Every structure is written in structure tokens, then in C-alpha cells.
Amino acid sequence: MNVEEYEHRLRQRVGEAEYERHKELVRLLARNLALEDILWEEILVCIRDVNARTELLRQRNTIVKDIHTEFRALNIEVPTNIEKNTETFGAFLEELTNDDTTKPPKEDTDR
């Protein structure tokens, strides 16, 4: 979803009066939600690159903290899809780790 779609949905959710009072905050929240989507896509692309994944997760965690703060400032509940993404990704990483540990080590055949 892009920034405009998020802004439109947030505008509907908070109502016109609140939107007019907190327009900049709604726009910032919409931007951060869109950025979080992009970071998830990048994390999935870099899933095997531990350093890149770690940096992207650090950036995503910062954005999620901002998102939570902005939702609280607007006095609306944080959507559960943000938490679901985190839980799903955690489970995926567990499976990935388990797959790596169950494979037998490769033998060095270059000798």
C-alpha cells in the first residue's frame, strides 16, 4: 500500500475533524506505514544475508516504535497486522534456523 492509500484509510479512521487537527501526524504515520511495508519486502529479499537483514530489522524496529507512538498520539488502536508481521517473521526465522542446523555439514572436496 502506498502513502496516499494509508493516509486515506487513516483519515477515515480518525474522522475529518481529527484529521484536520492532526494532518501532519496522519501524513507522518502514513509515510511510516508505507516505509514499514517496503522494509518488510527488503528483509525478505535479504533473508540469507545476516548483516543486511540485521540492519533492515533495526531500521524496521525504529519505524515500528514511531508508528506505535503516532497511533497513541492520535488515540487510535495499533493495527494487529504490524504485530502479526513481526510474529510471522519470527516464526519464519526459527524455521530457517532449524533448517540450517538439520543439514549435515558439507565436506571439503577440494583437496
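Report follows, based on the coordinates. (Residues numbered from 1 in each chain as written. Predicted model: local features only at pLDDT ≥ 70, side-chain atom pairs only at ≥ 80, totals over all residues. Heavy atoms only, no water.)

## Focus: the packing of helix 1 (residues 3–14) against helix 3 (residues 23–45)
Between helix 1 and helix 3, the shortest axis-to-axis distance is 8 Å and the interhelical angle comes to 130°. By the angle class used here, helix 1 and helix 3 are oblique. In the packing of helix 1 onto helix 3, the handedness of the crossing is right-handed. Note on element contacts: helix 3 touches helix 1 through Val26, Arg27, Leu29, Ala30, Arg31, Leu33, Ala34 and Asp37, opposite Val3, Tyr6, Glu7, Leu10 and Val14. (Axes fitted to C-alpha atoms, helices over the stretch in contact; angles between N-to-C directions. Helix = DSSP H or I, 4+ residues; strand = E, 2+ residues; numbered from the N terminus. Parallel < 35°, antiparallel > 145°, perpendicular 65-115°, else oblique. Left-handed = near helix turned anticlockwise from the far one by under 90°. Contact = heavy atoms within 4.5 Å.)

## Things to note about the pattern of salt bridges
Scanning the entire structure with this criterion turns up eight salt bridges. Residue Glu20 pairs with Arg11 through a salt bridge whose shortest N-O separation is 3.8 Å. In the salt-bridge network here, residues are joined through shared partners; they are Arg11, Glu16, Glu20 and Lys23. (Salt bridge = Lys/Arg side-chain N within 4 Å of Asp/Glu carboxyl O.)

## As for the packing of helix 3 against helix 4 (residues 50–73)
Helix 4 packs onto helix 3 with a crossing angle of 155° between their chain directions and a minimal axis gap of 9 Å. Taken as axis vectors, helix 3 and helix 4 run roughly antiparallel relative to one another. Seen from above, helix 3 lies across helix 4 with left-handed handedness. Taken together, the residues of helix 4 that come into contact with helix 3 (itself represented by Leu25, Leu28, Leu29, Asn32, Leu33, Leu35, Glu36, Leu39, Trp40, Glu42 and Ile43) are Arg53, Leu56, Leu57, Gln59, Arg60, Ile63, Val64, Asp66, Ile67, Glu70, Phe71 and Ala73.

## Considerations on the nonpolar core
Among the nonpolar cores identified, the biggest contains 20 residues, and Leu10, Val26, Leu29, Leu33, Ile67, Phe71 and Ile76 are the most heavily contacted of them. Of all the elements in the fold, those that place two or more residues in this core are helix 1, helix 3 and helix 4. Here this core gets eight residues from one element, more than from any other, and that element is helix 3. (Core = buried A, V, L, I, M, F, W, Y, C linked by side-chain atoms within 4.5 Å. Buried < 20%, exposed > 50% of the residue type's maximum accessible area, 1.4 Å probe, protein only.)

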